[in-house]
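A structural walkthrough
Each chain, written out:
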Amino acid sequence: MPLSLPLLLVVVLVGLCIGSFLNVVIHRLPKMLERSWRAECAELSGTAAAPEEPKYNLLVPRSRCPACGHPIGALENIPVVSYILLNGKCKACKAGISARYPLVEALTAVLTAGAVIRFGATPAALAACIMLWILVALTFIDFDTQLLPDNLTLPLLWAGLLANVLGYIPWVSLRDAVIGAIAGYLVLWTIYWLFKLIRGKEGMGYGDFKLLAALGAWLGWQMLPLIVLLSSVVGAAIGLALVAFKGRDHQVPLAFGPYLAIAGVIALFFGKPLVALYFPG
C-alpha cells in the first residue's frame, strides 16, 4: 500500500532528526571511549589519577563550534536547513562547517524513507530503520578512527536476534538468524587468521567479525556470501579510486567496516532477488 505524502514527510523529518543525533554519536562516542580507556590504563598501571575531566557524553556538554566555542543554538541546529541558511559557516566566527553533517542527516533521512517505502508502516520497517541508523553511525566512525565500537556492534547483533524472535523480520527465520550470527563471525575470523599466518600481520580488526555477525543476525546466513562479495567489490573499487585520484598510499590500511555496512544496506533492500541467483527456490 503506497504511503501518503504527509506520512512520508513525517518519516523524512524523523530521519533528519535521527541523522542529527547520529552526528553527535559519530563525533562523541570515540572520544568517550578514549576517555574510558585512559582511565582504565591509569587504574591498571597504578599511576596517579588525572584531574577529573568535565562531564562528557552524548548529551553533555552542549554542542559548540570547534573553532571558537560558540554554543550552537536550536535555530542553528535544524538538520540540513541550518547548514544551508548559514552557508556552511559558524554564525559567530564564520569558520567552515563540515559538509558531512548535512550529508549524514540527508543520508539517514533517505534510508529511513526507503525502509518505510520498502516495508510499509510495519514493525519490519521500524526494525530496518534501527539497523540502518546503527550502520550509518558505524560507517562514519570507522572511516574516522578505524574502530567499530562494541557499544554499537553488539547491540546491533542482539537487536537483530531480538527482531527475529519477535517476528519483525518475517523473511528470516530465527534459526537462519542464529546461524547467520555464528557464521558471520567465523567467516571473517577464519580469514583473519589465515591472512595472519600467511602474511604475518593482521588484515582486519575484531570489530569487522562482530559487524558481519550482526548482519547475519539481521538478514540470515543466506545473505552472507552476497554481503562478503559486495563488500569486497565496493572496498576494492573505492580503494583503487583513492589510490588513483587521491594519491593515497596503498600500504595504508583501509577501514573495512563501511564496505560491510554498505553491502548490508544493499542486501536489506535488494538481497532476496540477488540471493535467489545462487539459492533458487
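Quick look at the structure, then. (Residues numbered from 1 in each chain as written. Predicted model: local features only at pLDDT ≥ 70, side-chain atom pairs only at ≥ 80, totals over all residues. Heavy atoms only, no water.)

1. What to know about the packing of helix 4 (residues 123–145) against helix 9 (residues 257–275)
Where helix 4 contacts helix 9, the two axes come as close as 8 Å, and the packing angle between them is 160°. The angle between helix 4 and helix 9 places the two elements in the roughly antiparallel class. For the pair helix 4 and helix 9, the crossing hand works out as left-handed. Facing Ala128, Met131, Leu132, Leu135, Thr139, Asp142 and Phe143 of helix 4, the residues of helix 9 in contact are Gly257, Pro258, Tyr259, Ala261, Gly264, Val265, Leu268 and Phe269. (Axes fitted to C-alpha atoms, helices over the stretch in contact; angles between N-to-C directions. Helix = DSSP H or I, 4+ residues; strand = E, 2+ residues; numbered from the N terminus. Parallel < 35°, antiparallel > 145°, perpendicular 65-115°, else oblique. Left-handed = near helix turned anticlockwise from the far one by under 90°. Contact = heavy atoms within 4.5 Å.)

2. Digging into the packing of aromatic side chains
If you walk through the whole model with that rule in mind, you get eight aromatic pairs. Centroid distance Phe119 to Trp171: 5.1 Å. Interplanar angle 5°. Geometry classified as stacked. With Phe119 in helix 3 (residues 100–119) and Trp171 in the loop between helix 5 (150–165) and helix 6 (174–199), this pair connects stretches of sequence that are 52 residues apart. Between Tyr185 and Phe209, the ring centres sit 5.4 Å apart and the planes meet at 85°, which makes this aromatic pair edge-to-face. Note that Tyr185 is positioned in helix 6 and Phe209 in helix 7 (residues 206–219), a separation of 24 residues in sequence. Tyr185 gets classed as partly exposed once you look at its relative accessible area, which sits at 28%. Under the relative-accessibility criterion, Phe209 is labelled buried at 0%. Here the guanidinium or amino end of Arg28 rests over the ring plane of Tyr56, the centre of that ring lying 5.4 Å away. (Phe/Tyr/Trp six-rings, centres within 6.5 Å; stacked < 30°, edge-to-face > 60°. Buried < 20%, exposed > 50% of the residue type's maximum accessible area, 1.4 Å probe, protein only. Lys NZ or Arg CZ within 6 Å of the ring centre and 35° of its normal.)

No statement about biological role is implied by the geometric values presented.
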